[in-house]
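A look at the structure
If you want the building blocks of each chain, they are given just below.
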Amino acid sequence: VQLQASGGGLVQAGGSLKLSCTASISLFSTNFMGWYRQAAGKQREWVAGISSSGRTDYADSVKDRFTISRDNAKYTVYLQMTNLKPEDTAVYYCKADRGIPVVTSWGQGTQVTVSS
């Protein structure tokens, strides 16, 4: 699976951004899709995920601020980010899990920078 992430940029604290992750296959072929982020000097951390059935889950740090959604017709998963904070600054990656045994694919990452 090839994943193309986009939508990152520079935004002031309190602002919003919407990230997109477009897959090369139907989302119905995936078990789970998620967004992760990696800040400079830190480990990559999970942010949000959405299952093939549409069930969503979020890290506590972004709950009530970020929303993950999917458009099956466009093979695309979105991450709507609101009330952004400087600590949200990171490279954001999308991930797709597919099949059993699970095969994981990663997108190339998109930079999100939140200025204070």
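Quick note: structure is the one above.
About the cut-offs
Residues numbered from 1 in each chain as written. Predicted model: local features only at pLDDT ≥ 70, side-chain atom pairs only at ≥ 80, totals over all residues. Heavy atoms only, no water. Helix = DSSP H or I, 4+ residues; strand = E, 2+ residues; numbered from the N terminus. Phe/Tyr/Trp six-rings, centres within 6.5 Å; stacked < 30°, edge-to-face > 60°. Buried < 20%, exposed > 50% of the residue type's maximum accessible area, 1.4 Å probe, protein only. Lys NZ or Arg CZ within 6 Å of the ring centre and 35° of its normal.

1. Points about unusual backbone geometry
A cis amide bond, omega 0°, links I100 with the succeeding residue P101. Along the polypeptide, P101 turns up in the loop between β9 (90-98) and β10 (103-106). Of note, the phi angle at Y75 is positive, near 55°, even though the residue is not glycine. By the element assignment, Y75 lies in the loop between β7 (66-71) and β8 (76-81).

2. Side note on the packing of aromatic side chains
With the rule as written, the count across this model stands at two aromatic pairs. Aromatic pair Y36 and W106: ring centres 5.0 Å apart, planes at 70°, arrangement edge-to-face. On the criterion of sequence distance, the pair formed by Y36 in strand β4 (residues 32-38) and W106 in strand β10 is long-range, its members being 70 residues apart. We classify Y36 as buried; its relative accessible area is 15%. For W106, a relative accessible area of 37% puts it in the partly exposed group. Ring centres 6.5 Å apart and planes at 85° place the aromatic pair Y93 and W106 in the edge-to-face group. Of this pair, Y93 sits in strand β9 while W106 sits in strand β10, placing them 13 residues apart in sequence. Ring-pair connections join several aromatic residues into one group, and the members of that group are Y36, Y93 and W106. Sitting over the face of the ring of Y78, K18 holds its NZ or CZ atom 4.5 Å from the ring centroid. Across the ring face of W106, the terminal group of R44 is positioned such that the distance to the ring centre comes to 4.6 Å.

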